[in-house]
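A look at the structure
Residue-level listing of the chains:
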Amino acid sequence: MNFFKKVQDKFSPKRTETEVAPSVAAIPVPPVETASSAEAPKVGALDRVKSLIAVGSGKGGVGKSTVSLNLALALQQQGKKVGLMDADIYGPSQQHMTRAVRPKLLDGDLIEPSDYEGIKLISVAMFSNSGQAQLLRGPMAAQVIRQFLSQVAWGELDYLLIDLPPGTGDIQLTLAQIAPLSGAVLVTTPQEISLIDVRKAVSMFQTLNVPILGVVENMSYFICDSCEKKHYIFQQSGGKKLAAECGAPLLAEIPIDPRVAEASDDGRPMFVQHPSSTVGQAYTQIAEKVLAQEQMHRGSDGALGYFLLEWK
Ligand code: ADP
């Protein structure tokens, strides 16, 4: 059965309750590479993808998906070919923010990613009805990720951004095992409550030998219409503190701007609608710094190489 059909079947509204939550034993999980595997993982559909960059956070709601999409657009404006994989299986929002259409099925069990403003995009939400819950056990979610990596015709890309779910669970570990990540961008809000969880993500990436390319502090401050002053609604400098802790640069402090949420809900993100706004300029700055950092961390062979997870 091809990938498209499998995902459609999984999310089809006519499924019965028992079919929606299959037992773990019934789910076809392919063998997992381990640290002892001598060979690099086989990820055929990524053959012409130069760099994979994860965008992660500790907590949900800090703006990670918004940053992923706008960063993809800003990287493209720097002349790069960019794709975006929505790995936030349980809370996919890339389809809502772009209205990207359902991908086409190609020959050989491959699917063609949607195109949004030149960005190649895939999200599980493209295969399900709006408002439908993503009822997937961990191994099935991991399987979707494997298929996004191996059965999507990504073609030639400079960067494939991966919008990770919050936390440090199954999906992150699956990616860590099979995808040659070149680096990670961390998104946080300034408050300590966000930093506590982002530090766990930092620790995960460090354990997995994935370089941290930088920290984005989102919702840093608010500029009101009348006084032009920066109001630090949450705490100040949390992102700077985190960046110093993990030895990575602070990529930008993005202000709170109600147009960000409006633009996302319109299906035309901030970088498309207001590229020269303060938020838009922050995304350009993030893209430039990410490119510089990625070049700096890049190995002499043009890739950082595969890292394999040592699960202890
Ligand atoms: P996450 O992926 O971390 O769960 P989202 O990207 O879905 O977070 O963002 C959560 C909400 O915050 C969305 O409504 C989004 O439009 C809004 N948002 C994100 N960044 C900003 C910002 N800088 N200013 C105003 N709203 C923002």
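This part covers the overall build of the chain. Within the chain, the regular secondary structure consists of eleven helices and eleven strands. Buried positions account for 45% of the 312 residues belonging to the chain. Counting only contacts in the chain whose residues sit at least 6 apart along the sequence, the fraction spanning at least 24 positions is 80%.

For the rest of this paragraph, the subject is the site of the ligand. In the vicinity of the ligand, 18 residues are found, and the nearest of them are G63, K64, S65, T66 and A261. Those elements that place two or more of their residues in the shell around the ligand are α3 (64–77), β9 (212–223), β11 (250–256) and α9 (258–266). Grouping the amino acids of the shell around the ligand by side-chain chemistry returns seven nonpolar, nine polar and two charged.

Here the focus is the environment of L69. Looking at the secondary structure, you find L69 in helix α3. Placed 92 residues apart in sequence, L69 and L161 show a C-alpha to C-alpha distance of 8.6 Å.

The next thing to look at is helix α5 (residues 138–150). Counted at 1.5 Å a residue, the expected span for α5 with its 13 residues is 18 Å, and the 18 Å between its end C-alpha atoms agrees. Burial of α5 is extensive: ten of the 13 residues sit out of reach of the surface. What α5 keeps buried is the set M140, A142, Q143, V144, I145, R146, Q147, F148, L149 and S150.

Another point: unusual backbone geometry. Its identity as a non-glycine residue notwithstanding, N209 has a phi of 60°, on the positive side. Tracing the sequence through the fold places N209 in the loop between α7 (192–207) and β9. Backbone geometry places M219, a non-glycine residue, at a positive phi of 60°. Along the chain, the position of M219 falls in strand β9. According to the C-beta neighbour criterion, M219 is buried, with 23 such atoms within 10 Å.

So, on to the packing of α5 against helix α6 (residues 170–178). To describe two helices that pack against each other, one gives the angle between their axes and the distance between the axes. At a minimum axis separation of 9 Å, α5 and α6 run at an interaxial angle of 40°. The angle between the axes of α5 and α6 places the two elements in the oblique class. With respect to the hand of their crossing, α5 and α6 are arranged in right-handed fashion. Here G138, A141, A142, I145, R146 and L149 of α5 come into contact with α6, specifically with D170, I171, T174, L175 and I178. For the contact of α5 with α6, the class distribution of residues is seven nonpolar, two polar and two charged.

Turning our eyes to something else, we now look at the pairing of strand β6 (residues 119–123). The two faces of the sheet receive side chains in turn, since in a regular strand these alternate between them. Within β6, five of the five residues are buried, which leaves it mostly tucked inside the rest of the structure. Of the two faces of β6, the one carrying I119, L121 and S123 and the one carrying K120 and I122 are both buried. Where strand β2 (residues 82–86) meets β6, four bridges bridge the pair, whose relative direction is parallel. Looking at β6, one finds that L84 is bridged to L121. Counting the residues between successive antiparallel strands, the hairpin from strand β5 (residues 114–116) to β6 contains two residues, one of them, E117, with a positive phi of roughly 50°.

Turning to the confidence of the model for the chain, a few remarks are in order. Across the chain, the average pLDDT comes to 81, with 79% of residues at 70 or higher. Per-residue pLDDT, averaged within each element of the chain, yields its smallest value for helix α2 (residues 17–20) (31) and its largest for α3 (98). Here residues 300–312 is a poorly scored stretch, pLDDT under 50, and it has 22 contacts once near neighbours within four places are set aside; other chains count.

Under the 1.5 Å per step criterion, the end-to-end length of α7 is 22 Å for 16 residues, consistent within 8% with the ideal 22 Å. Of all the positions in α7, only S194, L195, V198, A201, V202 and F205 are classed as buried. Within α7, the buried residues cover an arc of 115° as seen down the axis, which keeps them to one side. Away from its buried face, by an angle of more than 90 degrees, α7 presents the exposed residues E192, I193, I196, K200 and S203. Residues of α7 that are buried in the fold lie against β1 (49–56), β8 (181–188), β9 and α8 (238–245). Of the residues flanking the end of α7, it is N209, one or two places downstream, whose phi is positive at about 60°.

What follows covers the environment of K200. Following the sequence through the fold, K200 ends up in helix α7. Counting along the chain gives 32 residues from K200 to T168, while the straight-line C-alpha distance between them is 7.4 Å. Among residues more than four places away in sequence, those in contact with K200 are G58 and T168.

Analysis parameters
Numbers given for residues are sequential positions, taken from 1 along each chain in its written order. pLDDT decides what is reported in this predicted model: residues at 70 or higher carry local features, side-chain atom pairs at 80 or more are listed and counted, and totals for whole chains, interfaces and linings draw on all residues regardless. Helix and strand assignments come from DSSP, with helices taken as H or I runs of at least 4 residues and strands as E runs of at least 2, each series counted from the N terminus. The exposure label follows from counting other C-beta atoms within 10 Å of a residue's C-beta, where the C-beta atoms are placed from the backbone and the thresholds are 20 or more for buried and 12 or fewer for exposed, leaving partly exposed in between. Contact between two residues is assigned when their C-beta atoms, built from the backbone, lie within 7 Å. Any residue whose C-beta atom, as placed from the backbone, lies within 6 Å of a molecule or strand is termed near it. Any residue that is not Ala, Val, Leu, Ile, Met, Phe, Trp, Tyr, Cys, Pro, Asp, Glu, Lys or Arg is counted as polar, Gly included; the first ten are nonpolar and the last four charged. Multiplying 1.5 Å by the helix residue count minus one yields the expected span of that helix. Geometry is summarised by axes, namely lines fitted to C-alpha atoms with helices restricted to the contacting stretch, and by angles between N-to-C directions that run from 0 to 180 degrees. By definition in this entry, angles of less than 35 degrees are roughly parallel, angles greater than 145 are roughly antiparallel, angles of 65 to 115 are roughly perpendicular, and the rest are oblique. Here a crossing is taken to be left-handed if its near helix is turned anticlockwise relative to the far helix by less than a right angle, and right-handed if that turn runs clockwise. When DSSP locates at least two bridges between a pair of strands, those strands are taken to pair. Per residue, pLDDT measures the predictor's confidence, with a range of 0 to 100. Of all possible arcs, the one meant is that of the directions from the helix axis to the C-beta atoms.

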